[in-house]
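Working through the structure, step by step
These are the residues of each chain, in order.
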Amino acid sequence: MIRVRPFTHTSGPARVVFGRGSRHRAGDEVRALGATRALVLCTPQQRTVAERVAERLGGLGAGLFDGAAMHTPVEVTGRALDALADSRADCVVAVGGGSTTGLGKAIAARTGVPQVVVPTTYAGSEVTSILGETEKGLKTTRRGPEILPEVVLYDPELTDTLPVALTVTSGLNAMAHAAEGVYARDGSPIFTLMAVEGLRALREALPALVRDPADPSGRDRALYGAWLCGTVLGGVGMSIHHKLCHTLGGALDLPHAETHAILLPHTVAFVEETVPEALTPVAELFGGNAGQGLHDFATLLRAPLSLAQLGVTEDELDRVADLATADPYWSPRPVERPALRELLQRAWKGDPPARTDDEGRLA
Ligand code: NAD
């Protein structure tokens, strides 16, 4: 019988609306928040879709800021705050992936304005109270209730345009949130259920989307999975996986989703050695053991497998290992430098993750 450990479960108060066309409800949601003027946020690449959302806002639309950028640079936030003041907006509507959501959170953290988020990737940031920001090449992360968006409108139609490569890496990024949820120190049975359901949805949807990126059922299911996985990240503490990705992203300015995708099998295998029972539901979904199963899944999806593919050089791995062990997040397996350096070496080369044989030796 599975042991029920003591737990505390708290979940965010965000309102979530899921369904095709739900972006058209942005105006109703802005009004329901008691706001009267919305500044729409996006990246330069997503200006057209954001303009359409802004048009539908009618008189509630106060303007559009299209400068969102990856890793939420504070300099961009400064310009967006000027746009917020100039437009006299009292809320933001963020239309885009994690970068755009991050900008909305950064604005809310500084002004308290409410946020409506219309996500277009599987990053999951819209359901967490976590904000990562960069200044002078340094990424810092903080949490707070004022950061959590009030309303999320999940409209799978907006993900139809997500390129296959980003569909795959963003989906694996979402899966990494769920994986950390199953072994989190502050996990709960509810978060484990959500994590497993989210992983199952993405395990079904991602191969279908690689075959046919416009498959509406696949798009719906992937976004549903991403919501669940993001919610798990929002409810539990991050561990070794996110620590390594933040270290790599901050120190070497690597693309977010790709970095998560490459590291996921390795960090799961690393933890699985110490707490295999926590990873059993993941192993059952992906076959064999969880780390190898996730590596096989990423290979099937033709996801990037090596840090070298992202331009990381072998001599940079020592610095990353130093940084990641200097101030580690809690991990079920103690984060010791030699094992971490070995993990990074495998991820750099694109090798399968380290695994133990039946006698517990590294194989
Ligand atoms: P992103 O938002 O940077 O998007 C990547 C690119 O894809 C952008 O050019 C964007 O315009 C484009 N794009 C997005 N959706 C599209 C679509 N449907 N069709 C066509 N193009 C589209 O990438 P991301 O991976 O979603 O977000 C990464 C950022 O989110 C990082 O800064 C990361 O730190 C942050 N993040 C934060 C959290 C959190 O909880 N705080 C969680 C996950 C990610």
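Everything quoted here is computed from the prediction, not taken from an experiment.

A closer look at the nonpolar core
With 69 residues, the main nonpolar core has Leu 172, Met 175, Leu 244, Leu 279 and Leu 307 as its most contacted residues. A per-element tally of this core places helix α6 (residues 189–211) first, with 10 residues. In terms of domain composition, this core takes at least three residues from each of domain 1 (15–159) and domain 2 (164–349). What Leu 307 contacts, discounting residues up to four positions off in sequence, is Leu 248, Leu 254, Ile 262, Val 312, Leu 344, Ala 347 and Trp 348. Within the second largest apolar cluster, 21 residues are counted, among which are Val 40, Ala 50, Leu 60 and Leu 153.

A few points about helix α13 (residues 337–349)
Spanning 13 residues, α13 covers 18 Å between terminal C-alpha atoms, matching the ideal 18 Å at 1.5 Å per step. Buried residues in α13 make contact with α8 (240–252), α9 (256–272) and α12 (316–326). One or two steps after α13, the chain reaches Gly 350, where phi turns positive at roughly 85 degrees.

Observations regarding the packing of aromatic side chains
Within a pair of aromatic rings, the relevant descriptors are the distance that separates the centres and the angle that separates the planes. Here the structure, examined in full by the defined rule, presents 3 aromatic pairs. Aromatic side chains Phe 18 and Tyr 154 sit 6.0 Å apart centroid to centroid with 40 degrees between the ring planes, which places their arrangement in the tilted category. Linking Phe 18 in strand β1 (residues 15–18) with Tyr 154 in strand β8 (residues 151–154), this pair joins segments that are 136 residues apart in sequence. Accessibility expressed as a relative area gives 36% for Phe 18, which makes it partly exposed. Consider the rings of Phe 286 and Phe 297, whose centres lie 5.1 Å apart with planes at 65 degrees: the pair is edge-to-face. Of this pair, Phe 286 sits in helix α10 (residues 280–286) while Phe 297 sits in helix α11 (residues 290–300), placing them 11 residues apart in sequence. It is Arg 333 that lies over the ring of Phe 270; its NZ or CZ is 4.0 Å from the centre.

Regarding the pairing of strand β2 (residues 38–41)
Neither face of β2 is open: one carries Ala 38 and Val 40, the other Leu 39 and Leu 41, and all of them are buried. Pairing analysis gives 4 bridges linking β2 to strand β3 (residues 61–65), with the strands arranged parallel. If you follow Val 40 over to β3, its bridge partner there is Leu 64. Note that β2 and strand β4 (residues 91–96) share 4 bridges and pair parallel. Across the sheet, residue Leu 41 finds its bridge partner in β4, namely Ala 94.

Quick notes on the site of the ligand
In the vicinity of the ligand lie 22 residues, with Thr 43, Ser 99, Thr 120, Thr 121 and Thr 128 positioned nearest. Between the ligand and Ile 130 there is a distance of 2.9 Å, counted from a nitrogen atom to a backbone nitrogen or oxygen. One of the side-chain N or O atoms of Thr 161 is found 2.7 Å from a nitrogen atom in the ligand. Isolated, the ligand exposes 860 Å² of accessible area, and the fraction of that covered by the protein chains is 86%. The leading source of residues in the shell around the ligand is helix α4 (residues 98–111), at 3 residues. Two domains each donate at least three residues to the shell around the ligand, and these are domain 1 (15–159) and domain 2 (164–349).

Reading the values: the criteria
Numbers given for residues are sequential positions, taken from 1 along each chain in its written order. For this predicted model, a pLDDT threshold of at least 70 governs which residues receive local features, and a threshold of 80 or more governs which side-chain atom pairs are given and counted, while totals over whole chains, interfaces and linings are taken from all residues. Each side-chain value is worked out from all heavy atoms of the structure, with water and hydrogens disregarded. What is meant by a nonpolar core is a set of buried Ala, Val, Leu, Ile, Met, Phe, Trp, Tyr and Cys residues, joined one to another through side-chain atoms within 4.5 Å. Exposure classes here rest on a 1.4 Å probe applied to the protein chains alone. A residue is buried below 20% of its type maximum, exposed above 50%, and partly exposed in between. Note on conventions: DSSP H or I runs of at least 4 residues are helices, E runs of at least 2 residues are strands, and numbering of each starts at the N terminus. As used throughout, domain bounds are those supplied by an automatic or database domain assignment. In this analysis, two residues are considered to be in contact whenever any of their non-hydrogen atoms come within 4.5 Å of each other. Helix span, expected: 1.5 Å multiplied by one less than the number of residues in the helix. Stacked, edge-to-face and tilted labels apply to pairs of Phe, Tyr and Trp rings (six-membered ring for Trp) whose centres lie within 6.5 Å, assigned for plane angles under 30 degrees, over 60, and everything in between, in that order. Two conditions define a charge sitting above a ring: the NZ of Lys or the CZ of Arg must be within 6 Å of the ring centre, and it must be within 35 degrees of the ring normal. Two strands are counted as paired when DSSP detects at least two bridges linking them. Whether a residue is near a molecule or strand is decided by its heavy atoms; if any one of them lies within 4 Å of it, the residue is near. Polar contacts here mean pairs of N or O atoms no more than 3.5 Å apart (in protein, one a potential hydrogen donor and the other a potential acceptor; neighbouring residues in sequence count only if both atoms are side-chain atoms). Only the protein chains shown count as cover for residues, and the accessible areas themselves come from Shrake-Rupley with a 1.4 Å probe.

No statement about biological role is implied by the geometric values presented.
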